[in-house]
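Here's the letter readout for the chains.
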Amino acid sequence: MDTILVRYGEIGNKGNNRGQFERLLQRQVQERLSELPSVRVERLSGRMVITLSDADGEHFSRALDRLQTLFGVSSLSTAQSTSLELEDLYRAAIQYVEWHWGADIRRFKVEVRRANKQFPLDSSALARELGAILLRHFERLSVDVHRPDAILNVEIRERRAFLYHQTLAGAGGLPVGMSGHAALLLSGGIDSPVAGWQALRRGLLIHAVHFHSQPFTSDRALDKVLRLSSRLSDYGAPHELWSISVTDIQSAIRKSCPSMLHTILLRRMMFRVATSLADRQQWLALVTGDSLGQVASQTLEALHVLDTATDLPVLRPLVTMDKLDIIRIAEQLHTYPISILPYEDCCTLFAPKSPRTRPQRHEVRAAEQHLDVDGLVAAALATVKLYRDGAECALD
Amino acid sequence: MKEMYLDMAATAPLRCEAREAMIAAMDEYGNPSSLHTKGLAAERLVEEARREVERALGFSSGVVYFTGSGTESNNWVFRAVFERFFKSKGHVVVSAVEHPAVWEPAHALKEAGFDVTVVGVNADGDLALEQAVAALRQDTVLVSVMEVNNETGALFPVEALSRHLRQHSRALLHVDGTQAFCKMPSWRPPSEPDFYTVSAHKIGGPKGVAALYARKSSPLKPMFLGGGQEQGLRSGTENVLGIVGFGAAAKIARTYANSNCLAESFVIHDAMVSGLEALGCRVARPMSKSPYIVTAAYPGIPAEVMVHALAEQGIYVSTGSACSSRRKKRSTSHRVLAAMGWSDEEQQSAFRLSFDAALSEQDVTFVLATLRERISWILKTIGRS
């Protein structure tokens, strides 16, 4: 094998933007493979062809690992390339079967895709020819077009042909960045990293924003969120975290507002702070891990009251998902073991004993009359710290 | 910002003597088991360090085995007792406030069919000799008691216990000396226990190295099988650098432990304790104690919040308890303070300050002033002032 074929189903359908999307994906493929030596990435209509100068296969498996998590890639195959000379092609097919098919493969078929219409044989003629050659060469093989053990795929392109028999699923979705920038409200729980992953999959470039209440929450809780954002960076998110203190906001709410509304009031304030930050950074949406009805603050009434605190679209990828399904994805993303680390905060000091599960807009607005909303938002924004690659760095 | 590290019972900063000795030893890369000159040089470093730890311990006979941690040393003793008395079983005595590295192995023995008696302590963490003695039986095979409690600083009567056992019992005595060894003014080891656990990083050595002292006739069995290091009892290439650092730290700590700063240290300790009480904290006040460990609780403020609030001001204290009620396994600190009869709220609020002779009266004043300010800030923030 000397080639990886990368397919990108969904963005292949995007009409006018297609060229732009392909360039974005190509750049991301190149970035993902930048650590590997002598990688060439070419675009051939509807495919990307990656050539690796790697005889021992070590770089191949690393490249496959890295490309399988890249959004926008629908599937991948490792392939052998050959020239378009018929003799070369036949020889390559025999060699391919000899090297890559085990003795357990007995029934086969050949499928040819002829993108190069100049090629002298048409698809079915070439398939028949190759099938006959393989039958002659390998006694154990027989053709079975309905239930083959393996299919030898042959793609005839402009300058080369590719042979492969296995296809790995890609991560699907759209290349990160294609859909614009958004803030991900990352809490440290199980849900928000999964929401972030789903947003990334739809091509959103997400910026993780975390609210803390130090000293009522610990450095380790922040560290946990940094680790989560690092995990999300494996899927194309920037490895960054915007951390913001809401201690003063909690204190003000506690002092002036009815205790049963504390949770909704705090979340509205968080939305306002995140919206201000998003405006400043030109991000166009908020992404949250809310799942309808999961906890008291996620009833439809609560979400309704919440969303009136921002004029940005609030994207909730998990809104209709069951907790068990969310956990299953979190396990696949390796965020689950981090999310369940026991650095729980001491915000219970602020937490109401019986929060209002179905808050009304008018009562929330009345309660907010007692708060200096703009002043608190500005003060919270002044506490912003930006972490890049796990270390605090200067704000732009 | 002025920083004050008051978590010396968790670990002590590396002493510069230990650092220098380790840096010098980095060039002695030989394997102590190798026959050539390089091997011999490394072996000499290990043996010199062993002699330093032996001198610091001051026992007249017996062997010091290097291990990887105090936890390993403690576990090793229980494992040896398990293997020695596996058939006949027997009776084991531990205190209610032992470190988990003793408490958990004791429970493992219980599950294996041994009878375990837990000796309680009073509300200040004191362990009465009479109670420990009363727990002894004809079939007692092991008594394991710490010398200084890591949370309250209570000093247990291990010397008297050791003498009593020698005269009246055949039980083995294990003393977990992790918080006592070279950490107390005028510290002397108890007379000839069967086992004594010490750890390097508590006295300014590196982490990842500790030791177990055992009498010559002890029933220790190999912890790991292999190349036969540590007289065949703990195979595995020696942690030469760590051991060298341990030796250097023990050499310095021994001098300090012999110095006479006892009276002064207790004055500082008293100032800290009365200052905390004046702020409204409940403080454990053991009769006999290390002057370097204080546990206090300000009911209503979870210990974790106190720890972070102080850390923001550069003061580093610790807590074994978390404020979360969702934690499944009750933490160590809960067990110890619960054994002392402290209320749930006090347990949740308990924090520990641990220091050494370098702490001055001015430092105490600074800590108390910061604490006063932090308490009032927290109460104001959560709307309770």
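Everything numeric in this text was worked out from a predicted model, so none of it was measured.

Just to check I follow, could you spell out the overall build of chain B for this structure?
Along chain B, the regular secondary structure elements total 12 helices and 12 strands. Taking 2.2 N^0.38 as the reference for a compact globule, 385 residues should give roughly 21 Å; the C-alpha atoms of chain B span a radius of gyration of 21 Å, in line with that estimate. With respect to the three principal axes, the spread of C-alpha positions in chain B is 70 × 50 × 40 Å. Out of the 385 residues belonging to chain B, those deemed buried represent 51%. Counting only contacts in chain B whose residues sit at least 6 apart along the sequence, the fraction spanning at least 24 positions is 71%.

Looking at this model, I keep getting lost on helix α6 (residues 219-233) of chain A. Mind explaining?
All names here are of chain A. Counted at 1.5 Å a residue, the expected span for α6 with its 15 residues is 21 Å, and the 21 Å between its end C-alpha atoms agrees. Listed as buried for α6 are A221, K224, V225, L226, L228, S229 and L232. Summarising the contacts, the buried residues of α6 are in contact with α5 (191-201), β11 (204-212), β12 (240-245), α11 (336-339) and β15 (385-388).

Got a minute to help me understand the domain arrangement of chain B in this structure?
The figure often quoted for interface size is the accessible area lost as the parts come together. Residues and elements named next belong to chain B. When the domains of chain B are assigned, the result is domain 1 (4-11 + 260-381) and domain 2 (16-257). Contacts between the two partners involve 26 residues from domain 1, matched on the other side by 24 residues from domain 2. Put simply, the parts of the chain that give the side of domain 1 that touches domain 2 at least two residues each are α8 (262-278), β10 (293-297) and α10 (332-339). For the side of domain 1 that touches domain 2, the element with the most residues is α10, which contributes 4 residues.

When you look at the pairing of β10 of chain B in this model, what are you seeing that I'm missing?
Side chains on a regular strand alternate between the two faces of the sheet. Residues and elements named next belong to chain B. Within β10, 5 of the 5 residues are buried, which leaves it mostly tucked inside the rest of the structure. Alternating positions in β10 separate into two faces, I293, T295 and A297 on one and V294 and A296 on the other, with burial throughout. Both strand β9 (residues 282-283) and β10 contribute to a ladder of 2 bridges, which runs antiparallel. By the bridge assignment, V283 is partnered in β10 with A296.

Any chance you could explain unusual backbone geometry here in plain terms?
Among all residues except glycine, the phi angle is most often negative; among peptide bonds, the trans geometry is most common. Residue P215 of chain A is bonded to the preceding Q214 of chain A through a cis peptide linkage, with omega at 5 degrees. Phi at K89 of chain B is positive, roughly 60 degrees, even though this residue is not glycine. Looking at where K89 of chain B falls in the secondary structure, it is placed in the loop between α3 (70-84) and β3 (91-95). By C-beta crowding, K89 of chain B is classed as partly exposed, having 15 other C-beta atoms within 10 Å. For C182 of chain B, which is not a glycine, the phi torsion comes out positive at approximately 55 degrees.

Help me understand the packing of helix α9 (residues 303-312) of chain B against helix α12 (residues 361-381) of chain B, please; the structure alone is not making it clear to me.
Helices that pack against each other are described as a pair by the angle of their axes relative to one another and the distance between those axes. Residues and elements named next belong to chain B. Viewed as axis vectors pointing N to C, α9 and α12 meet at an angle of 120 degrees, and their least axial separation amounts to 10 Å. Judged by the inter-axis angle, α9 sits oblique to α12. Here α9 runs over α12; the crossing is right-handed. Here V305, A309 and L310 of α9 come into contact with α12, specifically with T370, R374 and I378. Residue composition of the contact of α9 with α12, by class: 4 nonpolar, 1 polar and 1 charged.

Just checking my understanding: could you explain the sheet that holds strand β5 (residues 140-146) of chain B for this structure?
Residue and element names in this part refer to chain B. Within the open sheet, the 7 strands sit side by side as β2-β8-β7-β6-β5-β3-β4. Their pairing is mixed. Two strands in the sheet have a free side with no partner beyond their single neighbour: β2 (63-67) and β4 (115-119). Strand-to-strand twist across the sheet, computed as the mean angle between neighbouring axes with direction ignored, equals 20 degrees. Relative to strand β8 (residues 210-214), β2 runs antiparallel, the two sharing 5 bridges. Each residue of the ladder has a partner; that of V64, found in β8, is Y213. Where α3 meets the sheet, its contacts fall on β2, β5, β6 (172-176), β7 (195-199) and β8, and the angle it forms with β8 comes to roughly 35 degrees.

About the cut-offs
Residues numbered from 1 in each chain as written. Chains lettered and ligands numbered in written order. Predicted model: local features only at pLDDT ≥ 70, side-chain atom pairs only at ≥ 80, totals over all residues. Helix = DSSP H or I, 4+ residues; strand = E, 2+ residues; numbered from the N terminus. Rg over C-alpha atoms; globule rule 2.2 N^0.38 Å. Buried ≥ 20, exposed ≤ 12 C-beta atoms within 10 Å, placed from the backbone. Contact = placed C-beta atoms within 7 Å. Expected span 1.5 Å × (residues − 1). Domains from an automatic or database assignment. Pairing = 2+ DSSP bridges. Axes fitted to C-alpha atoms, helices over the stretch in contact; angles between N-to-C directions. Parallel < 35°, antiparallel > 145°, perpendicular 65-115°, else oblique. Left-handed = near helix turned anticlockwise from the far one by under 90°. Nonpolar A, V, L, I, M, F, W, Y, C, P; charged D, E, K, R; others polar.

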